[in-house]
Amino acid sequence: MIELATHDGVKIDLPDIDSSPLAVRGLTVSYGQKPAVFSVDMTVQPGAMTAIIGPNGAGKSTLLKAALGIVKPLSGQVTVFGRPLDSQRSRIAYVPQRASVDWDFPTRVLDVVLMGLYRELGLLRRVRARHLARAMDCLARVGMHDFADRQIGQLSGGQQQRVFLARALAQDADLYLLDEPFAGVDAATEKAIITVLKSLKAAGKTVVVVHHDLATVTDYFDHVFLINTRPVAEGPVAEAFTADTLQATYGGRLATAQVDQLARVLG
Amino acid sequence: MAGGWPRRRWTSWRACWAEAMLRDALLLQLGYNATLVAIGATLLGISAGVTGTFLFLRKRALVSDAISHATLPGVCIAFMVMVSLGGDGRNLAGLLAGSALSAWVGLLCLNWLTRNTRLAEDAAIGSVLSVFFGFGIVLLTVIQTMGAGRQAGLEGFLLGSTAGMLWADALVIALGGACTLALILLIRRPMTMVAFDPEYAAARGLPVYRIDLAMMGLVMAVTVVGLKIVGLILIVALLIIPPVTARFWSERSDRVVMLSGLVGGLAGYLGAAISASAPNLPTGPIIVLVAFGFFAVSLLVAPGRGVLAAVLRHLRFQRRVHLRQGLLALAQGQPIYERLTVRLLHRAGLVRADGVATESGRARAAKALRDEKRWEIVRADQAHEAAAALYDGLRDIETVLTRDQIDEIDRRIGGPQEVPA
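Every chain is numbered independently, its residues counted from 1 as its sequence is written. As a convention, the first chain written is A and the first ligand written is 1, with the rest following in written order. Per-residue local features are limited, in this predicted model, to residues with pLDDT of at least 70; the limit for side-chain atom pairs, both in listing and counting, is 80 or more; totals at the level of whole chains, interfaces and linings are taken over all residues. The side-chain quantities take in all heavy atoms of the structure and omit both hydrogens and water.

A. Structural view of the nonpolar core. Residues and elements named next belong to chain A. Ile 53, Tyr 176 and Leu 197 are the most contacted members of the largest nonpolar core, which has 139 residues in total. Only heavy atoms enter the contact rule, under which two residues are in contact if any of them lie within 4.5 Å. Discounting residues that sit within four places of it in the chain, Ile 53 has contacts with Lys 60, His 211, Leu 214, Val 217, Val 224, Phe 225, Leu 226, Ile 227, Phe 241, Thr 249 and Tyr 250. As used in this record, nonpolar core signifies buried Ala, Val, Leu, Ile, Met, Phe, Trp, Tyr and Cys residues forming a set joined through side-chain atoms within 4.5 Å. Buried, partly exposed and exposed residues are distinguished by accessible area as a fraction of the type maximum, computed with a 1.4 Å probe on protein chains only: under 20%, between the cut-offs, and over 50%, respectively. Residues Leu 27, Tyr 94, Leu 177 and Val 210 belong to the second largest nonpolar core, which totals 28 residues.

Following this line, the structure appears as structure tokens:
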């Protein structure tokens, strides 16, 4: 363990970079002249569920995308399990935002999940019974096995989200990165997703979620990473998810109702 | 009708002759040139249809328009270079190589503009297309004033010209088409992944930019191969119309790809045959019109996505909504105000002309009400999610659940187990 000082001076124990499933150092990403993410250090705890939290436009999704090399950072380093990102791609499963794709695309639910098996299937290998069985198994884990043959356009938002999760499960990865998986989904989906994520954690996997619902943070997550373009706080929920750190993250941007709700949650 | 019959006889003789020519053309019995053109056009249609599908799925169909227009300067420069080196300026392979080179430059310009400036892709396409095409026309004009002897009919590349097609030309087209097709089949999976979800593909480490570039390269190859037959202005139609047509018939990308190849191939073959069956029918435009014919038919009659199917579905849906609402109103003893509802109920023998329910009307109404309660249970129960997603207030619950499942639901509702159907 080494000690790092975050920007507001709170000292938090962090695992050293070599053992972290995802470590980011000095990451800055900019669209045009305004940085979306500025000089971020983040060290994800192995085998834990971490929430990335911050207001709209705070760079949560951008941080995730830059960590995955989907957007090019201006500066910074990313290591995955202590190694360069590109050598560890097969150990990472990413669940993008639902709205990032066109759901009128001509494909079935099963075909989307089979995309998760791209590493095994490669360019030309045939889809065999065992591949189909694995895809169906992943669909069953999110409660979507009865939907395998439906066109993806027929799904509700929550169902779409679960199909995306099933595709990530098919990769059988060690690190799962999810971008707002609970945004605009029904209660049943939220329950199904959190159950799957907790089972991943129980299996020793690491889960990182961009999250927006402050009320559920303490229920769902072990660790939080608070960000508002700059990193604000990082650590176990009990230590880093406090009224002070939230005030520092959101400034005056929390609605009164949210503050009241949080006061109840945080006690 | 004076003087009518000799004229009619003349037209019917012409019709007979045209029919015989078309039959011969379709059976490839119209001579060497026509056969070459038909085979070339078929292969071109297949590879354009297949390639175009990925472009269409990636929502970048119009990029092909920029690529095709960007071939013109290359054709002209290649001609000038070959002539100045003392060779034959009309060598097809040389002209195609030149066109490929300038199309590639155009593509890189387009990519650079969209990636590094704030120009949206449509504006970038417009700029590249017009500048390259304008430059090409200037070169073409210069060439045409270079000396009558050297006029090589380069303007034939604008709309295609198949009249003087040689065996070597056909071979170039066939080989190019076959290579393109093979390459597409090789990288179809990554291309599909990138088209559906580029961010996920990137997160998996797929080289999204290079896959896009490869796709554009294949489009360019098809364009270049098609210059001789359909020309650079109309090749975009062969890249776009077949996939759009195929999309009407399938919800699976692999099938859309195959259908699109089929539509493209058929359009190429039929178009070439039709244009060979009469003098002065231009091959390229006829191929495009045949492809459009397939599109128009699909637009109208395709089940699912076709216009007619949509209208019929809407009307049927409306009738079922009215019937269902009417039955529920009957079951609950409410008055029915909608005239259409009463008319439909009456026609189905469920109510008398005065609006009072008949025997079977009362039975159906009771069942409708019971089904409504069953659906309520189904929709509230997560275990029945897949069935609940099919709920539209109209579907017979028996088509979605098994008898056992329905019995189970009835037990939960309580009350009588059997309802007169």
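B. Broad picture of helix 19 (residues 403-413) of chain B. Residue and element names in this part refer to chain B. A run of H or I in DSSP counts as a helix once it spans at least four residues, and a run of E counts as a strand once it spans at least two, with each numbered from the N terminus. Every buried residue of helix 19 is accounted for by Ile 406, Asp 407, Ile 409 and Asp 410. In a view along the axis of helix 19, the buried residues occupy a sector of 165°, so they form one face of it. Facing away from the buried side of helix 19 by over 90 degrees, the exposed positions are Asp 404 and Arg 411. Of the surrounding secondary structure, the elements contacted by the buried residues of helix 19 are helix 17 (359-380). Gly 414 sits one or two positions beyond helix 19 and adopts a positive phi of about 85°. Arc, as used here, means the arc of the directions from the helix axis to the C-beta atoms.

C. Highlighting the packing of helix 4 (residues 71-84) of chain B against helix 6 (residues 121-144) of chain B. Residue and element names in this part refer to chain B. To define axes, lines are fitted to C-alpha atoms, for helices over the stretch in contact only, and angles between the resulting N-to-C directions are given on a 0 to 180 degree scale. With their axes 7 Å apart at the nearest point, helix 4 and helix 6 run at an angle of 30° to one another. Viewed along their axes, helix 4 and helix 6 adopt a mutual orientation that is roughly parallel. Our pair here, helix 4 against helix 6, has a crossing hand that is left-handed. Where helix 4 approaches helix 6, its residues Leu 72, Pro 73, Cys 76, Ile 77, Phe 79 and Met 80 are matched on the opposing element by Phe 132, Phe 133, Phe 135, Gly 136, Ile 137, Leu 139, Leu 140 and Ile 143. When residue character is reported, Ala, Val, Leu, Ile, Met, Phe, Trp, Tyr, Cys and Pro are called nonpolar, Asp, Glu, Lys and Arg charged, and the others, Gly included, polar. Here the contact of helix 4 with helix 6 is built from residues that sort into 13 nonpolar, one polar and no charged. Should an angle fall under 35 degrees it is called roughly parallel, over 145 degrees roughly antiparallel, and 65 to 115 degrees roughly perpendicular, with every other angle called oblique. Crossings are classed by handedness, with left-handed meaning an anticlockwise turn of the near helix from the far one by less than a right angle and right-handed meaning a clockwise turn.

D. Spotlight on a positive patch on the surface. Residue and element names in this part refer to chain B. Like-charged residues within 9 Å of one another, or nonpolar side chains (Val, Leu, Ile, Met, Phe, Trp, Tyr) within 5 Å, are grouped into patches, provided each residue has over 30% relative accessible area and no salt bridge. Shrake-Rupley sampling with a 1.4 Å probe provides the accessible areas, and residues are treated as covered by the protein chains on show and by no other component. A pairing counts as a salt bridge when a side-chain nitrogen of Lys or Arg comes within 4 Å of a carboxyl oxygen of Asp or Glu. As used throughout, the charge tally considers Lys and Arg to be positive and Asp and Glu to be negative, leaving His and the chain termini uncounted. For this purpose, a charge sits on NZ of Lys, CZ of Arg, CG of Asp or CD of Glu. Together, Arg 313, Arg 316, Arg 319, Arg 320, Arg 339, Arg 343 and Arg 347 make up a region of like positive charge exposed at the surface. Residue assignment for the positive patch shows that the elements contributing at least two residues are helix 15 (307-331) and helix 16 (339-347). Of all the elements, helix 15 adds the most residues to the positive patch, at four residues. Counting through the fold element by element, Arg 343 comes out in helix 16.

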